[in-house]
Amino acid sequence: MHPTDILIIGTGSMGLGLAGILASHSGIPVRVYSRLPADTTRTIVLTGRYSCSVPVRGVSDPTSSTSGTLLIACVKAYDLAPVLKIVYQQAIQAPALVLLQNGFFIKDFAQETFDALGIEKRPELVRMITSMGMNRTGPVTVEVAGLGETALEAGETGSWLAELLVHCGLPAYPAATMGDKEIEKAVANSVINPLTAVYRVPNGALLCEHAFRERMHLLLQEDALVLQHLGYQVEVTVLFENIRKIIDNTAGNRSSMLQDVEAGRPTEIAFLNGFIIRKAGEMGIPVPANQAVYEQVIRSTTG
Ligand code: KPL
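Only a predicted model underlies this, so the values are computations on that prediction, with no experimental measurement involved. (Residues numbered from 1 in each chain as written. Predicted model: local features only at pLDDT ≥ 70, side-chain atom pairs only at ≥ 80, totals over all residues.)

### Remarks on the overall build of the protein chain
When you go through the protein chain residue by residue, the secondary structure sums to 10 helices and nine strands. The C-alpha atoms of the protein chain give 19 Å as radius of gyration, which agrees with the globular expectation for 303 residues (19 Å, within 12%). In terms of principal-axis extent, the alpha carbons of the protein chain reach across some 50 × 40 × 40 Å. Residue burial in the protein chain is summarised as follows: out of 303 residues, 47% are buried. Taking contacts inside the protein chain between residues at least 6 apart in sequence as the whole, the part at least 24 apart equals 70%. (Helix = DSSP H or I, 4+ residues; strand = E, 2+ residues; numbered from the N terminus. Rg over C-alpha atoms; globule rule 2.2 N^0.38 Å. Buried ≥ 20, exposed ≤ 12 C-beta atoms within 10 Å, placed from the backbone. Contact = placed C-beta atoms within 7 Å.)

Below is the structure:
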């Protein structure tokens, strides 16, 4: 049975942007869930690659979802555990949850969170990886700055959502092997996001300056070495080609980590470079470039 409606969890740039695109183009009812009291309708304004204003209903009670509701978690990786706790400790009926976070092995992290919380009735988890560039430019205004590709874990739900996104004008496809996609994207985020946040530049600037390119290569080489030691067959040239493509598609975008740093919010650094540093430490591999950028980002978020 295909979903009859969509409940987006999270009202950051990605949550609002995706809600706006789906509500204006999919023909399926879309609501947005946030922890704030939100039983009101907000008019989301999209600019950039999309240009429209669309009313979207906010809900503050996830139990209003039915067995036909598809949940899409658009919260940041550091908010995923609290959201899973709030949502799944209530008797919600939605059978599937789409995970749209930046980071390495997010599905494992979600399962570990369910284990730790003792939650037994779990949804089908569907990984979604996107390189769309979304900039929040006002409380309910999102600039869709880049239409990078979106991969969805193939299966009934993932393939259905991929088709729906294509119908909405987004380059999306179901992918049989999400592992490689997730690793490639997490590596790209561990290079693009902290450097754009440290230098406070849009993604496109990273390819324009020699000093930036050099730091990108150092990070990339360390990431590849750690992942190879973990048993993943990654190649620096392939990973770099993916990064170049993402930067080209989102050149004008301010990365999500840059937006977090500028807004004084926490960042996803622990799920990206923090992951590489932890695994490198366990295996005795030095990763000075990751360590340096990690510390710079942490410093910029703690003042
Ligand atoms: O995923 C992104 C992010 O900012 O988190 C990219 C694709 C790099 C777009 O900025």
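Now that the structure has been shown, the text picks up again.
### Describing the packing of helix 5 (residues 178–199) against helix 10 (residues 288–301)
Following both chains from N to C, one finds helix 5 and helix 10 inclined at 50°, their axes separated by 10 Å at the closest point. The angle between helix 5 and helix 10 falls in the class oblique. Here helix 5 runs over helix 10; the crossing is left-handed. Here Pro194, Leu195, Ala197 and Val198 of helix 5 lie close against helix 10, whose contacting residues are Val293, Gln296, Val297 and Ser300. The residue makeup of the contact of helix 5 with helix 10, split by class, is six nonpolar, two polar and no charged. (Axes fitted to C-alpha atoms, helices over the stretch in contact; angles between N-to-C directions. Parallel < 35°, antiparallel > 145°, perpendicular 65-115°, else oblique. Left-handed = near helix turned anticlockwise from the far one by under 90°. Nonpolar A, V, L, I, M, F, W, Y, C, P; charged D, E, K, R; others polar.)

### Considering the site of the ligand
In the vicinity of the ligand, 13 residues are found, and the nearest of them are Ser131, Thr250, Asn253, Ser255 and Ser256. Listed by contribution, the elements that provide at least two residues to the shell around the ligand are strand 7 (124–138) and helix 5. With three residues, helix 5 is the largest single contributor of residues to the shell around the ligand. A domain split of the shell around the ligand shows at least three residues from each of domain 1 (5–176) and domain 2 (179–298). (Near = placed C-beta within 6 Å. Domains from an automatic or database assignment.)

### Looking at the pairing of strand 1 (residues 5–9)
In terms of residue burial, strand 1 counts as a mostly covered element, since four of its five residues are buried. For strand 1 and strand 5 (residues 69–73), the ladder comprises five bridges, and the chain directions are parallel. Each residue of the ladder has a partner; that of Asp5, found in strand 5, is Thr69. Pairing geometry for strand 1 and strand 2 (residues 30–33), over four bridges, is parallel. Each residue of the ladder has a partner; that of Leu7, found in strand 2, is Arg31. Between the parallel elements strand 1 and strand 2, the chain passes through helix 1 (residues 13–25) in a crossover that is right-handed. (Pairing = 2+ DSSP bridges. Right-handed = clockwise from strand over helix to strand, strands pointing away.)

Distances and angles like these do not, on their own, reveal function.
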